[in-house]
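Residue-level structure breakdown
Here is how the chains run, residue by residue.
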Amino acid sequence: VTDEELQRCIGHALSNLSVHETSRTQIGEGGGIHLMVSLCFLGNNEDLTQGLAALRTFAAIPLYRRAIVEAGGLGPLSLALSMVDNNCSIQGACILACSLSLQEQNKIDMFKSSTIEILVGLLASNKDPIVRRHASRAVANCCENKYLSKPKVKPTTICIFLLSSPCITTLQGLRLKN
């Protein structure tokens, strides 16, 4: 058994165990989030999808949102958002991005990385309503950050994409400024 195979088995086992709330708490407190992020980087789409699915369960708990980003979770998130041939992974990644964008420091990190730019690109190119709904919510959440003085993406640019979207009701929190 190679180290990569062992890591994959451990990652998949932890991912499956994280479905249960009690196990999720133990895994989160025991450093399992780092293992979930490393599972995403093992090189195939199945590992990426499985790792992101586990991270989504952790991101549902506010306590773990920052830990996911600190463990390097924006890397696999951006990778999954960029997968043009796998809309299921893109949907899951957008849901994860939306959850992560609820934490203030994560918003700043999402602007510093390519995550927000990729999300805005998805709003322009992807017609899937689930993708558009969660991508627009994530972007809107990030635009609410009071610590950002000059964001990379202007709210008016985002609104052009959103106003052409059937998901216009997802504009919650986006403050239009002149």
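**Regarding the overall build of the protein chain**
Counting secondary structure elements, the protein chain contains eleven helices and zero strands. Ordered by position in the sequence, the α and β elements of the protein chain form the string α-α-α-α-α-α-α-α-α-α-α. Relative to its 178 residues, the protein chain shows a buried fraction of 48%. Considering only intrachain contacts with a sequence separation of at least 6, the fraction spanning at least 24 residues in the protein chain is 69%. When the accessible surface of the protein chain is summed, it comes to about 8900 Å², and 56% of that surface belongs to carbon and sulfur atoms.

**Quick word on the confidence of the model for the protein chain**
The predicted model of the protein chain has a mean per-residue pLDDT of 80, with 80% of residues at 70 or higher. Long-range and interchain partners of residues 165-178, a stretch whose pLDDT sits below 50, account for 26 contacts in this model, where long-range means more than four residues apart.

**Considering the nonpolar core**
Judged by nonpolar contacts, the single largest core of 41 residues is most densely connected at Leu55, Leu77, Leu81, Cys94, Leu100, Met110 and Leu119. Broken down by secondary-structure element, the contributors of at least two residues to this core are α3 (32-40), α4 (45-59), α5 (62-70), α6 (74-81), α7 (87-100), α8 (104-112), α9 (115-125) and α10 (129-143). Looking at which element gives the most residues to this core, the answer is α7, with seven residues. In this structure, leucine 81 is in contact with Ile90, Ala93, Cys94, Thr115, Ile118, Leu119 and Leu122, ignoring residues within four places of it in sequence.

**Focus on the side chain of asparagine 126**
For asparagine 126, the position within the fold is in the loop between α9 and α10. In this structure the side chain of asparagine 126 is engaged in a polar contact, spanning 2.8 Å, whose partner is the backbone nitrogen of aspartate 128. With residues near it in sequence (within four places) discarded, asparagine 126 still touches Asn87, Ile90, Val131 and Arg132.

**Some thoughts on the packing of α8 against α10**
As a packed pair, α8 and α10 sit with axes 9 Å apart at the nearest point and diverge in direction by 110°. In terms of axis orientation, α8 runs roughly perpendicular to α10. Each of Lys107, Met110 and Phe111 in α8 lies in contact with α10, whose residues at this interface are Asn141, Cys142 and Cys143. Of the residues in the contact of α8 with α10, the class split is four nonpolar, one polar and one charged.

**Describing the environment of arginine 8**
Positionally, arginine 8 belongs in helix α1 (residues 3-17). For the pair arginine 8 and methionine 36, spaced 28 residues apart in sequence, the C-alpha separation works out to 9.5 Å. Those residues in contact with arginine 8, other than ones at most four positions away along the chain, are Leu39, Leu42, Asn44 and Asp47.

**Section: the side chain of serine 89**
For serine 89, the position within the fold is in helix α7. Here serine 89 falls in the buried class, since its relative accessible area comes to 5%. Here the side chain of serine 89 touches threonine 49 through a polar contact of 3.0 Å, side chain to side chain. Ignoring anything within four residues of it in the chain, the contact list for serine 89 reads Thr49, Ala80 and Met83.

**A word on α10**
Taking 1.5 Å per residue, 15 residues should reach 21 Å; α10 reaches 21 Å between its end C-alpha atoms and fits that length. By the burial criterion, the buried members of α10 are Val131, Arg132, His134, Ala135, Ser136, Ala138, Val139, Ala140, Asn141 and Cys142. Backbone nitrogen of isoleucine 130 and a side-chain oxygen of the N-cap are separated by 2.8 Å at the start of α10; the cap is aspartate 128.

The rules we used
Residues numbered from 1 in each chain as written. Predicted model: local features only at pLDDT ≥ 70, side-chain atom pairs only at ≥ 80, totals over all residues. Heavy atoms only, no water. Helix = DSSP H or I, 4+ residues; strand = E, 2+ residues; numbered from the N terminus. Buried < 20%, exposed > 50% of the residue type's maximum accessible area, 1.4 Å probe, protein only. Contact = heavy atoms within 4.5 Å. Areas by Shrake-Rupley, 256 points an atom, 1.4 Å probe, with all protein chains shown as cover. pLDDT = per-residue confidence, 0-100. Core = buried A, V, L, I, M, F, W, Y, C linked by side-chain atoms within 4.5 Å. Polar contact = N/O pair within 3.5 Å; in protein donor to acceptor, adjacent residues only side chain to side chain. Axes fitted to C-alpha atoms, helices over the stretch in contact; angles between N-to-C directions. Parallel < 35°, antiparallel > 145°, perpendicular 65-115°, else oblique. Nonpolar A, V, L, I, M, F, W, Y, C, P; charged D, E, K, R; others polar. Expected span 1.5 Å × (residues − 1).

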